[in-house]
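So the chains spell out like this:
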Amino acid sequence: MSDHTEHPSPAAAFPDLLHAQRVWDTELPDFDPATAPPAPLPLFHSWFAGAVAAGQTEPHAMSLATADAEGLPDVRTLLLHDADERGFHFATHATSAKGRQLAARPYAALGFYWPAQGRQVRVRGPVVRCTPAESHADLHARSTGALAAALTGAQSEVAGSVAELHRAADAAWERAAAEPDTEAPTWTRYVVEPARVEFFQGDARRRHIRLRYRRAEGGAGAGGWTRELLWP
């Protein structure tokens with residue numbers, strides 16, 4: 001009789017692990033769409049502050065979706081740099097994959113997810129590049145590490161080895177510390193000008209609330225926005 005114990009393969013165990021996960025295992029806030037402001041920005045600011053107060057980790061992290069040269073979707077996570085009347089700001093190298101994609105197809109979608117409150121925000125709209133002065137100011141308002149990462153200047157390119165990555169990172173850190181005002185010529189700040197913004201409030205009984213702001217043609221609606229309640 002063999003004493004060998006059979007263990008389930010990771011692939012076989014994955015569905016059980018997946019289905020054991022809970023969603024929103026916390027008390028969720030209420031959201032009455034009738035009380036929402038006429039434009040999306042004040043509501044975004046309010047929800048962001050609520051996420052911070054609820055202890056949400058990295059509430060400024062967001063997904064950025066673009067399209068490549070074949071029109072196929074691409075997505076990654078990065079940080080929000082501002083949200084104002086112009087739109088939703090982020091930054092990257094113009095020579096990166098997303099920078100090249102935005103140059104060819106200047107339209108993007110953003111996604112925020114704050115599970116601490118069961119909330120999502122989705123944004124879609126055209127993307128514009130900020131001025132070189134704004135891009136410079138954006139970079140130098142950040143940490144030494146952020147400047148060092150920007151100075152490597154090879155984002156999305158193929159690296160030869162981990163050792164090569166470490167050498168370049170170490171050199172960039174030294175330069176960023178010694179020359180804090182140095183330029184990173186390809187670093188670019190972008191703004192997604194929202195055409196549609198959707199706010200999703202989760203509900204434990206699946207009575208989710210979806211409120212969409214749609215920028216109306218001709219400026220119809222309050223402040224040029226039309227509000228629509230969507231089926232979840």
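Below is a short write-up of the structure.

About the criteria used
- Residues numbered from 1 in each chain as written.
- Predicted model: local features only at pLDDT ≥ 70, side-chain atom pairs only at ≥ 80, totals over all residues.
- Heavy atoms only, no water.
- Helix = DSSP H or I, 4+ residues; strand = E, 2+ residues; numbered from the N terminus.
- Buried < 20%, exposed > 50% of the residue type's maximum accessible area, 1.4 Å probe, protein only.
- Contact = heavy atoms within 4.5 Å.
- Lys, Arg positive; Asp, Glu negative; His and termini not counted.
- Charge placed at Lys NZ, Arg CZ, Asp CG, Glu CD.
- Core = buried A, V, L, I, M, F, W, Y, C linked by side-chain atoms within 4.5 Å.

With that settled, the discussion passes to the overall build of the protein chain. For the protein chain, the helix and strand inventory stands at 6 helices and 10 strands. Taking all 232 residues of the protein chain together, the buried fraction comes to 36%. Looking at the protein chain alone, contacts between residues at least 24 apart form 64% of all its contacts between residues at least 6 apart. Side chains of the protein chain carry 23 positive and 28 negative charges; the gap between the two charge centres is 8 Å.

As a further point, take the environment of Glu179. Structurally, Glu179 can be placed in the loop between helix H6 (162-178) and strand S7 (187-192). Along the chain, Glu179 and Ala91 lie 88 residues apart, while their C-alpha atoms are 21 Å from each other.

For the rest of this paragraph, the subject is the nonpolar core. Counting residues in hydrophobic clusters, the biggest one holds 30 residues, and the most contacted among them are Phe44, Phe88, Phe112 and Val121. Of all the secondary-structure elements, those providing two or more residues to this core are helix H2 (40-53), strand S1 (61-67), strand S4 (88-93), strand S5 (107-114), strand S6 (119-129), S7, strand S8 (196-201) and strand S9 (209-215). Residue contributions to this core peak at 5 residues, all from H2. Those residues in contact with Phe112, other than ones at most four positions away along the chain, are Phe44, Pro59, Ala61, Met62, Leu80, Phe88, Arg119, Gln120 and Val121.

A few words now on helix H5 (residues 144-152). Every buried residue of H5 is listed here: Ala146, Leu147, Ala148, Ala150 and Leu151. Contacts made by the buried residues of H5 are with S4, helix H4 (132-140), H6 and S7.

Before going further, it helps to examine the environment of Ser156. By the element assignment, Ser156 lies in the loop between H5 and H6. The spatial distance from the C-alpha of Ser156 to the C-alpha of Arg227 is 38 Å, given a sequence separation of 71 residues. Among all residues touching Ser156, those that are not within four sequence positions of it are Ser96 and Ala97.

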